[in-house]
Amino acid sequence: MTSSSHYIPQSDPPLPPWETLPTMYDLPSDNPEEPGLPDDFHFLQPLLLYLTFQPINWNPELVYSAADLNLYYDLEHPLWYKRPDWFGVVGVGKLYKGQDLRLSYVTWQEPANPFVVVELLSPGTEDEDLGTRRESAADKPPSKWEVYERILRIPYYVVFSRYTNELRAFQLVGGHYEPMNLTDGCLLMPEINLSLGLWQGSFRDIERLWLRWFTLTGELIPAPTEEVAAATERAMIAEQEATEAKQEAAQAKRKTEQLAERLRQLGVNPDELDELL
């Protein structure tokens, strides 16, 4: 990582920003004021979102998501960034320019802005995450709410508190965020054929209420480990059913043989009986 930025002198006509402003290689990719992740939940919850974010109507190669990654957003202030707990993008490859793992997400270097952002509430970030602090000084970075709503115009903004298990979401309508209502416990996002909701279950052997992705009809989008477990369970059930079928066939054969032996003892040839029937 390098923290020094370089600028290419402007020409006439001006060059586009992706040619003149810093790239992800020039901008800081760490967060010196908040080193590391604050707790286990801030690692596991974004991981579950990452594993289950599978828009059905998009090529998987053009679906990208990240957690705790610097998100650069302002052409006039190229060093300003936010660091979402998790965000998802569609129409963007998994590698930067198809070649490299991303150090940061630099919006003027990417073909699309995030489609959905999730913030996990903490006592120290609640005002900024919920937009309580709206107005910023001209020389100060705006709040996350302002960036997501006004600058990047991200269609969906979701906030979840693990302390209260409260899920709140906002949809961009007419340039402003409007609260979303839950449908059968989920937030519907028809543009990607997915919904986001709460699920009581075990992830990484931890039982609690988790935020995860569903289909529009409310079916779980399985994580890879869950797919393996489900496939194993299906194989075990199929094997058990095959074993039971063999046992039933063997039992039926034994009964037939016992009946034939009883008929012989009574002086009846079971083979001739079959011919008469």
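Residues numbered from 1 in each chain as written. Predicted model: local features only at pLDDT ≥ 70, side-chain atom pairs only at ≥ 80, totals over all residues. Heavy atoms only, no water.

1. Here's the deal with the sheet that holds strand E12 (residues 206–215)
Sheet strands pair via backbone hydrogen bonds, and the direction of the pair is either parallel or antiparallel.
So, point 1. Sheet architecture is open: 3 strands sit in the order E10-E11-E12, paired in antiparallel fashion. Two strands in the sheet have a free side with no partner beyond their single neighbour: strand E10 (186–189) and E12. On average, adjacent strands in this sheet sit at an angle of 30° to one another, irrespective of strand direction.
So, point 2. The pairing of E10 with strand E11 (residues 194–203) spans 4 bridges and is antiparallel. Note on E11: the bridge partner recorded for Leu 188 is Ser 195.
So, point 3. Here helix H2 (residues 41–52) sits on the sheet in contact with E11 and E12, set at roughly 30° to E12. (Pairing = 2+ DSSP bridges. Helix = DSSP H or I, 4+ residues; strand = E, 2+ residues; numbered from the N terminus. Axes fitted to C-alpha atoms, helices over the stretch in contact; angles between N-to-C directions. Contact = heavy atoms within 4.5 Å.)

2. Topic: the environment of Glu 110
So, point 1. Tracing the sequence through the fold places Glu 110 in the loop between strand E5 (105–106) and strand E6 (116–120).
So, point 2. Overall, the relative accessible area of 12% leaves Glu 110 in the buried class.
So, point 3. Residues Glu 110 and Gly 91, 19 residues apart in the sequence, show an inter-C-alpha distance of 9.8 Å.
So, point 4. For Glu 110, the contacting residues outside a window of four places in its chain are Val 92, Tyr 96, Arg 102 and Tyr 105. (Buried < 20%, exposed > 50% of the residue type's maximum accessible area, 1.4 Å probe, protein only.)

3. Overview of the side chain of Thr 107
So, point 1. Mapping Thr 107 onto the fold places it in the loop between E5 and E6.
So, point 2. Residue classification places Thr 107 among the buried positions, given a relative accessible area of 10%.
So, point 3. Among residues more than four places away in sequence, those in contact with Thr 107 are Leu 71, Tyr 72, Tyr 73, Asn 113 and Leu 152.

4. Focus: the pattern of salt bridges
So, point 1. Using the criterion set out here, one finds 6 salt bridges in the structure.
So, point 2. When the shortest N-O distance is used, the salt bridge between Lys 144 and Glu 119 registers 3.2 Å. Remark: Glu 119 occurs in strand E6 and Lys 144 occurs in helix H4 (residues 144–151); sequence separation between them is 25 residues. Residue Lys 144 shares its accessibility class with Glu 119, and that shared class is buried.
So, point 3. Between Arg 168 and Glu 166 there is a salt bridge, with the nearest N and O atoms lying 3.5 Å from each other.
So, point 4. Given a relative accessible area of 27%, Arg 168 falls into the partly exposed group. (Salt bridge = Lys/Arg side-chain N within 4 Å of Asp/Glu carboxyl O.)

5. Regarding H2
So, point 1. For H2, built from 12 residues, the straight-helix expectation of 16 Å at 1.5 Å per residue is met to within 8% by its first-to-last C-alpha distance of 16 Å.
So, point 2. Buried residues dominate H2, accounting for 10 of its 12 residues.
So, point 3. Phe 41, His 42, Leu 44, Gln 45, Pro 46, Leu 47, Leu 48, Leu 49, Leu 51 and Thr 52 are the residues of H2 that are buried. (Expected span 1.5 Å × (residues − 1).)

6. Observations regarding the sheet that holds strand E8 (residues 166–173)
So, point 1. With mixed pairing, the 6 strands of this open sheet are ordered in space as E1-E4-E6-E7-E8-E9. Among the strands making up the open sheet, the edge pair consists of strand E1 (63–66) and strand E9 (176–179). The average undirected angle you get between the axes of adjacent strands in this sheet is 20°.
So, point 2. Relative to E6, strand E4 (residues 86–90) runs antiparallel, the two sharing 3 bridges. Paired with Phe 87 across the strands is Val 117, a residue of E6.
So, point 3. Seen against the sheet, H2 touches E1, E4, E6 and strand E7 (156–161) and runs at an angle of roughly 155° to E6.
So, point 4. Relative to the sheet, H4 contacts E6, E7, E8 and E9, its axis offset from that of E9 by approximately 110°.

7. Let's talk about unusual backbone geometry
Across the chain, the bulk of peptide bonds are trans and the bulk of non-glycine residues have phi less than zero.
So, point 1. Unusually for a residue other than glycine, Lys 97 sits at a positive phi of about 55°.
So, point 2. Counting through the fold element by element, Lys 97 comes out in the loop between E4 and E5.
So, point 3. One non-glycine residue with positive phi stands out, namely Asp 205, at about 65°.
So, point 4. Position of Asp 205 among the secondary structure elements: in the loop between E11 and E12.
So, point 5. Owing to a relative accessible area of 76%, Asp 205 belongs among the exposed residues under this scheme.

8. A look at the layout of surface pockets
So, point 1. Volume-wise, the second largest pocket comes out at about 460 Å³.
So, point 2. Taken together, 19 residues line the second largest pocket, and the ones lying closest to its centre are Tyr 50, Val 63, Tyr 64, Ser 65 and Lys 94.
So, point 3. Among the elements that line the lining of the second largest pocket, the one with the most residues is E1, at 4 residues. (1 Å grid on protein atoms, 1.4 Å probe; cavity = no way out; pocket = protein on both sides within 12 Å on 5 of 7 lines; lining within 4 Å. Points joined across faces, edges and corners; volume = space filled by probe spheres on them.)

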